[in-house]
Amino acid sequence: MIEQLHPRILENKDWATLLFVAAFAVIAMTKSAYENRFSEFTKLIFSDKYVKIYRDTSHLKSSFTISLFLVQIVSYAFFIQLTMYIFGYTESKTDWVLFIQIVTFLLYFILAKFLIEKIVATSFNIDEFIDVFNLQKATYRSYIGLIILPFNAILFYHENISQVFPLIIIGISVSISLFSYFISIKTYQNIIISKLFYFILYLCALEIAPYYFLYYWITKGSA
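Here the structure is a predicted model, which means the values were calculated and not measured.

Reading the values: the criteria
- Residues numbered from 1 in each chain as written.
- Predicted model: local features only at pLDDT ≥ 70, side-chain atom pairs only at ≥ 80, totals over all residues.
- Heavy atoms only, no water.
- Helix = DSSP H or I, 4+ residues; strand = E, 2+ residues; numbered from the N terminus.
- Buried < 20%, exposed > 50% of the residue type's maximum accessible area, 1.4 Å probe, protein only.
- Contact = heavy atoms within 4.5 Å.
- Areas by Shrake-Rupley, 256 points an atom, 1.4 Å probe, with all protein chains shown as cover.
- Phe/Tyr/Trp six-rings, centres within 6.5 Å; stacked < 30°, edge-to-face > 60°.

Asker: Which parts of the structure should I look at to understand the overall build of the protein chain?
Answerer: Across its full length, the protein chain carries 9 helices and 0 strands. Secondary structure elements of the protein chain, listed N to C terminal, follow the sequence α-α-α-α-α-α-α-α-α. Out of the 223 residues belonging to the protein chain, those deemed buried represent 41%. Long-range pairs, those at least 24 residues apart, make up 79% of the contacts in the protein chain with a sequence separation of at least 6. Accessible surface computed for the protein chain: about 13,400 Å², of which carbon and sulfur atoms make up 67%.

Asker: How should the packing of aromatic side chains be read in this particular structure?
Answerer: The geometry of an aromatic ring pair is captured by two quantities: the separation of the ring centres and the angle between the planes. Following the criterion strictly, the structure yields 19 aromatic pairs and no others. Aromatic pair F105 and F109: ring centres 6.0 Å apart, planes at 20°, arrangement stacked. With F105 and F109 both in helix α5 (residues 96–124), this residue pair falls 4 residues apart, about one helical turn. Residue class for F105 comes out partly exposed when judged on its relative accessible area of 26%. Among the residues examined, F109 registers a relative accessible area of 16% and is labelled buried. An angle of 80° between the planes, with centres 5.0 Å apart, marks the rings of F156 and Y157 as edge-to-face.

Now the structure itself:
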């Protein structure tokens, strides 16, 4: 009796493994180079001491911020691709071409948004506040990226993950983001009140609308 043979398609996960190892290596090197700063950074959700100490906008271009920004991009790109896979928007979670597309989109999205914010801030005469606000947002985004990175590994190397799992991660990420906005508003409430109209316009145009279009692109453009 001859058994019917079916071709077994093996997914190449080597590229993802290398990226995970590289991301954790960058985190380890950053921790070693900035031990005290990294220690305060990990306590970000429990204390605003870090944002008070490192509030100077020059820190936005420091090697610490840039290193964690790179980890953030990798972490976010993995999470977006894995979430798309879990919810059926893509057929494979090991598609490295899709990963590169997501990374490219995230880079353009973040950098374009940053430049537009600088232009708007100059027009509204709120440059100083927006610079500090951008630094604080970058800090909390990097913090979220570090949190979800190990969960990305779990999602990537395990099958049959419930859709509830990524939704919980999204919920936690949104909560941390809202917390960062609360800290910013509390810290700069006098400036915000004096320019309340511009601040509301800024939130609607540059903090709400872009993420809506990002969600639309992921859910509709990939359907």
